Amino acid sequence: MLPFLKYEFLQNAFLTGIMVGLLAPVLGVFIVVRRQALIADALSHITLAGIAANLLLGKWFAVFAGANPVYMGMAFSVGGAVFIEQLRKVYKHYEELAIPIIMSAGIGLSVIFISMADGFNTDLFNYLFGSIIAVKQSDVWTVFAILVVVLAFVFFMYKELFVLSFDEEQGKLSGIRSNWILIAFMAITALVIAASMKIVGILLVSSLMTLPVAASIRIATGFKQTIWLSVLFGETAVIAGMFLSYYLDLASGGTIVVCLIIILSLSIFYKKLMGSRKAG
């Protein structure tokens, strides 16, 4: 066994990171194609409100003191995802407004709950920026359950998601039951965001959904190849980021994002290099 994995908490973090590195980019491809890249930021902020609410309730009620804040964060995140889809219907000609509305609500609630809970503490800081030492075995099983649900949904609904991502109106006209499919997609996206926060952090989780996709679309030649490359880049950044985080004593979220930025920069450079060779 690698020295990096000799401790149980590191094994938990590694397994969780591998699963998150698969989940986030897969969903991120559909999100980016739908031009809703900021949706991960909105849901991450509403997730933070759920975490802060759980920590606040833990001060008042014993039943919440021992509860895992992730579950409250998931509940808030899924609720926020459903509201986004409903607001898109309300603002039919200004659908993009739904995202900043939910993001603002998440920020506002988070500030209120955090101030009522007497400010930041170590647990909340870990959720904000990620920490490999905070991952428990229960988190591994939670993420695994989400992994099964998400992969099953994407596998069985791939054609519908593909059509709705590129042309939602055409999908509706062709008979696809878009309402429940999009709500379900938003809900599982919310679950992935909430599940990813201990590794990457709430404020950085959107990076794991968008940066691998941004790198892959520079060099991919098709939609499926974009998905595979996004997963490859995501997994590479997660594994490298966790190793660097452990050995350099850095926040895991930050190191993973920096690795993603490096991968993105290399993909852009590679694309330019290949373009200049063809031109020459």
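Residues numbered from 1 in each chain as written. Predicted model: local features only at pLDDT ≥ 70, side-chain atom pairs only at ≥ 80, totals over all residues. Heavy atoms only, no water.

- The name an unreviewed UniProt entry gives the protein is Metal ABC transporter permease, with Fictibacillus arsenicus as the organism.
- The record held by UniProt for the protein lists under Sequence similarities (unreviewed entry) the comment "Belongs to the ABC-3 integral membrane protein family." (UniProt positions renumbered as here; feature names shortened; annotations may be inferred.)

Structural notes on the overall build of the protein
- Secondary structure assignment for the protein yields 13 helices and 0 strands.
- What you see in the protein, going N to C, is helices and strands ordered as α-α-α-α-α-α-α-α-α-α-α-α-α.
- Since a compact globule built from 280 residues should have a radius of gyration of about 19 Å, the 19 Å found for the protein is in line with a globular shape.
- Expressed as a percentage of the 280 residues in the protein, the buried residues total 51%.
- If you take every contact in the protein between residues at least 6 apart in sequence, the share linking residues at least 24 apart comes to 78%. (Helix = DSSP H or I, 4+ residues; strand = E, 2+ residues; numbered from the N terminus. Rg over C-alpha atoms; globule rule 2.2 N^0.38 Å. Buried < 20%, exposed > 50% of the residue type's maximum accessible area, 1.4 Å probe, protein only. Contact = heavy atoms within 4.5 Å.)

Re the pattern of salt bridges
- Inspection of every chain in the model, using the stated rule, returns 2 salt bridges.
- Residues E85 and R88 are paired through a salt bridge, measuring 3.0 Å at the closest nitrogen-oxygen approach. Of the two residues, E85 and R88 both sit in helix α4 (residues 69–90), 3 residues apart, roughly one turn of that helix.
- Connected via shared salt-bridge partners are R34, E85 and R88. (Salt bridge = Lys/Arg side-chain N within 4 Å of Asp/Glu carboxyl O.)

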